[in-house]
Amino acid sequence: MRIEVLADPAAVARRAAGVVADVLRATPDAVLGLATGGTMRPVYDELVALQRRGEVDFTRATTLNLDEYAGLAADHPASFAAYMRAALFSRVPVDPARIHLMRGDAPDPQAEARRYEAAITAAGGIGLQLLGIGRNGHIAFNEPGTEASTRTRLAPLAAATQQVNAPAFHPQPVPERALTMGIATILEARRCLLVATGADKAPAVARMVQGPVGPDCPASFLRGHPDVTVLLDPAAARDLAAAAPSG
Ligand code: F6R
């Protein structure tokens with residue numbers, strides 16, 4: 001696990017976008033695993049800026065998102081499908097046939113999970129997986145208690161996660177479950193890039209990097225992956241031993 005502590009959240013976003021752009025320059029038909037959430041918004045803004053300057057091209061890329069709320073259709077404003085359209089897919093030229101999102105409103109979630117795993121395999125596996133981290137140490141919607149062997153499935157959302165995401169649904173209740181790639185699915189990506197900014201992520205980041213590896217902090221399973229880069233701002237790195245700005 002390589003840790004980079006950048007000067008501030010903007011520098012983190014630039015660096016994350018730079019990694020994605022480097023992958024796309026080297027491999028124009030790269031398979032990208034994409035994440036949503038507040039941390040990723042500035043990363044997508046940077047990627048859009050790079051695309052407008054002609055420095056990155058998504059037209060041959062394949063994308064596979066990590067997760068989706070159960071019961072939500074793609075046109076629901078709080079869906080991750082809507083997030084991705086607003087953050088990236090409507091802003092850069094992409095091939096719609098190469099965009100993969102889980103159908104939150106699939107009538108048979110187990111069948112949808114199997115379809116998604118098959119789509120990952122058919123794409124040749126994920127080359128670069130973008131990840132955020134929850135304050136409780138989740139990655140994708142693999143909440144504390146999730147085992148390393150898990151694959152794409154319908155999973156319960158922790159009460160804390162529901163609370164954090166409640167504003168997007170207000171006044172409706174937050175879904176209690178989500179379709180999510182599993183830990184084993186994520187660990188099969190050839191490379192992972194986890195991004196965390198802000199002091200509210202500091203305890204989870206410290207547990208991921210320095211705590212015991214296990215289901216209490218699902219992000220800790222990334223320590224078993226051979227190629228993980230973690231990009232942090234100083235606030236998110238606050239609880240790490242011997243963290244120093246690296247650029
Ligand atoms: C989203 C996802 C989640 C988020 C995490 C952090 O696709 O998989 O694991 O990455 O909840 O979210 P933010 O960035 O909103 O703090």
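Here goes a summary of the coordinates provided. Everything quoted here is computed from the prediction, not taken from an experiment.

1. What to know about the pattern of salt bridges
At step 1: Using the criterion set out here, one finds 12 salt bridges in the structure.
At step 2: The shortest N-O distance in the salt bridge between Asp-227 and Arg-2 comes to 3.0 Å. Of this pair, Asp-227 sits in the loop between α7 (202–210) and β10 (228–232) while Arg-2 is found in strand β1 (residues 2–5), placing the two residues 225 residues apart along the sequence.
At step 3: By relative accessible area, Arg-2 is classed as partly exposed at 43%.
At step 4: The salt bridge partner of Arg-91 is Asp-45, with a shortest N-O separation of 2.9 Å. Of this pair, Arg-91 sits in the loop between α3 (80–89) and β5 (99–100) while Asp-45 sits in helix α2 (residues 41–52); the two residues are 46 residues apart in sequence, bridging distant segments of the chain.
At step 5: When its relative accessible area of 27% is taken as the criterion, Arg-91 is described as partly exposed.
At step 6: Look at the salt bridges and you will find they share partners, linking Glu-117, Arg-151 and Glu-188 into a network.

2. A word on the site of the ligand
At step 1: Within the structure, the ligand sits among 13 residues, and Thr-36, Thr-39, Asp-67, His-138 and Lys-201 are positioned closest to it.
At step 2: Take Gly-38: an N or O atom from its main chain is 2.8 Å from an oxygen atom of the ligand.
At step 3: Measuring from an oxygen atom of the ligand, one finds a side-chain N or O atom of Asp-67 at 2.7 Å.
At step 4: The class makeup of the residues in the shell around the ligand is 4 nonpolar, 7 polar and 2 charged.

What counts, and at which threshold
- Residues numbered from 1 in each chain as written.
- Predicted model: local features only at pLDDT ≥ 70, side-chain atom pairs only at ≥ 80, totals over all residues.
- Heavy atoms only, no water.
- Salt bridge = Lys/Arg side-chain N within 4 Å of Asp/Glu carboxyl O.
- Helix = DSSP H or I, 4+ residues; strand = E, 2+ residues; numbered from the N terminus.
- Buried < 20%, exposed > 50% of the residue type's maximum accessible area, 1.4 Å probe, protein only.
- Near = heavy atom within 4 Å.
- Polar contact = N/O pair within 3.5 Å; in protein donor to acceptor, adjacent residues only side chain to side chain.
- Nonpolar A, V, L, I, M, F, W, Y, C, P; charged D, E, K, R; others polar.

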